[in-house]
Amino acid sequence: APRDDVVYFLGCAKNNLYSRAALATWRVLHRNGVRVSLPKVVCCGLPCHSAGDIEGARALARRNLSILRHTSGRIVVDESSCASHLKHLPELFAGLPEEREMHALAERVVDIAVYLDQLGIESPGHLPGVVGLA
């Protein structure tokens with residue numbers, strides 16, 4: 001039986017530029033007993049928001065909400081900028097009809113590093129080579 005069920009929010013960079021890293025995320029989750037669903041989300045909207053296109057960012061958030069509202073469990077994100085943006089969506093919708101649903105969505109979002117720490121992942125063992133120098 002799986003230890004947990006999560007939704008993997010596959011961000012633009014991982015999907016389009018670093019697909020091997022996205023596959024590694026899935027493998028780590030799978031190896032640690034997590035069942036992963038992969039809905040077809042769109043961009044989190046951060047590039048639009050950063051460029052001042054608030055309506056574009058809202059349109060992308062609404063599209064993701066329409067996809068993610070039919071899922072359950074935590075939404076794991078392995079791009080920290082996307083995770084942060086998704087967690088702050090309620091601010092983008094303050095006073096708008098979707099504000100409450102965006103709060104509920106944001107509460108489900110968790111950065112992969114935080115999620116794996118909370119899960120208590122299986123150690124990959126000794127890694128060959130030097131990772132960093134003191």
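Residues numbered from 1 in each chain as written. Predicted model: local features only at pLDDT ≥ 70, side-chain atom pairs only at ≥ 80, totals over all residues. Heavy atoms only, no water.

**Overview of the environment of Glu-107**
The condition is simple: Numbering of helices and strands starts at the N terminus; helices are DSSP runs of H or I of at least 4 residues and strands are runs of E of at least 2. In this scheme, a residue with accessible area under 20% of its type's maximum is buried, one over 50% is exposed, and one in between is partly exposed, where area comes from a 1.4 Å probe on protein chains only.
Among the structural elements, Glu-107 can be located in helix H7 (residues 99–108). Residue Glu-107 is classed as exposed on the basis of its relative accessible area, which comes to 66%. Along the chain, Glu-107 and Ser-19 lie 88 residues apart, while their C-alpha atoms are 26 Å from each other.

**Some remarks on the environment of Cys-44**
Going by this rule: Residue contacts are defined here by distance: any two heavy atoms, one from each residue, within 4.5 Å place the two residues in contact.
Assignment of secondary structure puts Cys-44 in the loop between strand S2 (34–37) and helix H3 (46–50). Exposure remark for Cys-44: the relative accessible area of 2% places this residue in the buried category. Sequence separation of Cys-44 and Glu-107 is 63 residues, and the distance between their C-alpha atoms is 15 Å. For Cys-44, the contacting residues outside a window of four places in its chain are Phe-9, Asn-64, Cys-82, His-85 and Leu-86.

**A closer look at the nonpolar core**
Spelled out, the test is: For this analysis, a nonpolar core means a set of buried residues of the types Ala, Val, Leu, Ile, Met, Phe, Trp, Tyr and Cys, connected via side-chain atoms within 4.5 Å.
Counting residues in each nonpolar core, the largest one holds 19 residues, and the members touching the most others are Phe-9, Ile-75 and Val-77. At the level of secondary structure, the elements contributing two or more residues to this core comprise strand S1 (4–9), helix H4 (54–68), strand S3 (74–77), helix H5 (80–87), helix H6 (89–92) and H7. Counting residues per element, this core draws most heavily on H4, which supplies four residues. For Val-77, the contacting residues outside a window of four places in its chain are Phe-9, Cys-82, Ala-83, Leu-86, Val-109, Val-110, Asp-111 and Ile-112.

**Considerations on the packing of helix H2 (residues 19–31) against helix H8 (residues 112–119)**
So the rule is basically this: Only the stretch in contact is used when a helix axis is fitted, and all axes are lines through C-alpha atoms; the angle between N-to-C directions ranges over 0 to 180 degrees. An angle below 35 degrees is read as roughly parallel, one above 145 as roughly antiparallel, one from 65 to 115 as roughly perpendicular, and any other as oblique. A clockwise turn of the near helix away from the far one marks a right-handed crossing, whereas an anticlockwise turn of less than a right angle marks a left-handed crossing.
Direction vectors running N to C along H2 and H8 enclose 15°, while the axes themselves pass 12 Å from each other. Here H2 lies roughly parallel to H8, going by the angle between them. The handedness of the crossing between H2 and H8 comes out as left-handed. Facing Thr-25, Val-28 and Leu-29 of H2, the residues of H8 in contact are Ile-112, Tyr-115 and Leu-116.

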